[in-house]
Amino acid sequence: MWWNIIKNLDPVGEEDEDIDNDGDVDDSDDYLSNRRKTISEAVKAELKGHCGCGCNSCDEEENVIKASKKKSEIKRVKGGVMYRGEKFPGLNKPKRAPKGSKKKYRVLAHQKGKYKIVSFGARGYKDFLQHKNKKRRSNFKSRHNCDKKKNKLTAGYWACNYNW
């Protein structure tokens, strides 16, 4: 019965090398030990706000948020950033716009110390992420002068660089 299983478990604080409690120390115990260590490191990194990928963007994003004059408006939350009551996956990381919006995507754009919520993309139309037609993509980019769009605080920049 289940109470026999509980008797075989190690008491809290008195764990030994036999992690799976099968009576011997073998490869499965090493695997479980490494797995626990990896998961605990990932959880700690996520709570700190780092993705664990080793990229500098997480550190830069953290520094930008700390140095922000509007610190009270931008708050790091689990899985992203909260700005004016709306959760974003991060700075300059687009997300789908809520239902009922005329636009398809929203992004919390940041450039040179300025922040702005930018809505872009026409809902109901397919963009390059969906149809993958290279000719349509080149026509869109030439029609909208995408090579000249450098300001991240504009919808045109995001339409050219994310959608198309």
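Note: the structure precedes this text.
Residues numbered from 1 in each chain as written. Predicted model: local features only at pLDDT ≥ 70, side-chain atom pairs only at ≥ 80, totals over all residues. Heavy atoms only, no water.

## Examining the sheet that holds strand 3 (residues 86-88)
Working step 1: Strand order in this open sheet of 3 strands is 1-2-3, and the pairing throughout is antiparallel. A single partner strand is all that each edge strand has here, and the edge strands are strand 1 (74-77) and strand 3. For this sheet, the mean inter-axis angle between neighbouring strands, taken without regard to orientation, is 30°.
Working step 2: Pairing between strand 2 (residues 80-83) and strand 3: 3 bridges, direction antiparallel. Counted as the bridge partner of Val81 is Phe88 from strand 3. (Pairing = 2+ DSSP bridges. Helix = DSSP H or I, 4+ residues; strand = E, 2+ residues; numbered from the N terminus. Axes fitted to C-alpha atoms, helices over the stretch in contact; angles between N-to-C directions.)

## Some details on the state of the cysteines
Linking two cysteines covalently through their sulfur atoms gives a disulfide.
Working step 1: Enumeration according to the criterion identifies 1 disulfide in this entry.
Working step 2: Cys146 shares a disulfide with Cys160; S-S distance 2.0 Å. Sign of the S-S torsion, about -65° for the bond between Cys146 and Cys160, identifies this disulfide as left-handed. Here Cys146, found in the loop between helix 5 (134-143) and helix 6 (155-163), pairs with Cys160, found in helix 6; they are 14 residues apart in sequence, far enough to count as distant. (Disulfide = S-S within 2.5 Å.)

## Comments concerning a nonpolar patch on the surface
Working step 1: Together, Ile39, Val43 and Leu47 give the surface a local cluster of nonpolar side chains, amounting to about 280 Å² of exposed area.
Working step 2: Note on placement: Ile39 falls in helix 2 (residues 27-48). (Patch = residues over 30% accessible without salt bridge, like charges linked within 9 Å, V, L, I, M, F, W, Y side chains within 5 Å. Areas by Shrake-Rupley, 256 points an atom, 1.4 Å probe, with all protein chains shown as cover. Salt bridge = Lys/Arg side-chain N within 4 Å of Asp/Glu carboxyl O.)

## Quick look at the pairing of strand 6 (residues 114-122)
Working step 1: Relative to strand 6, strand 5 (residues 103-111) runs antiparallel, the two sharing 8 bridges. Looking across to strand 6, one finds that Ala109 is bridged to Lys116.
Working step 2: Hairpin remark: strand 5 followed by strand 6, antiparallel, with 2 residues in the connecting loop; positive phi at Lys112, about 55°.

## Concerning helix 5
Working step 1: Looking at where helix 5 begins, the residue whose side-chain oxygen comes 3.0 Å from the main-chain nitrogen of Lys135 is Asn133.
Working step 2: Trailing helix 5 by a residue or two, Asn145 shows a phi angle of about 55°, which is positive. (Polar contact = N/O pair within 3.5 Å; in protein donor to acceptor, adjacent residues only side chain to side chain.)

## Quick notes on the pairing of strand 5
Working step 1: With 7 of its 9 residues buried, strand 5 lies for the most part within the structure.
Working step 2: By the bridge criterion, 2 bridges tie strand 4 (residues 95-96) to strand 5 in an arrangement that is antiparallel. Along strand 5, the bridge assignment pairs Arg96 with Tyr105.
Working step 3: Connecting strand 4 to the antiparallel partner strand 5 that follows it, the hairpin turn spans 6 residues, and Gly100 within it adopts a positive phi of roughly 95°. (Buried < 20%, exposed > 50% of the residue type's maximum accessible area, 1.4 Å probe, protein only.)

## What to know about helix 6
Working step 1: Along helix 6, the residues that are buried comprise Tyr157, Trp158, Ala159, Cys160 and Asn163.
Working step 2: As for helix 6, its buried residues are in contact with strand 5, strand 6, helix 4 (128-131) and helix 5. (Contact = heavy atoms within 4.5 Å.)

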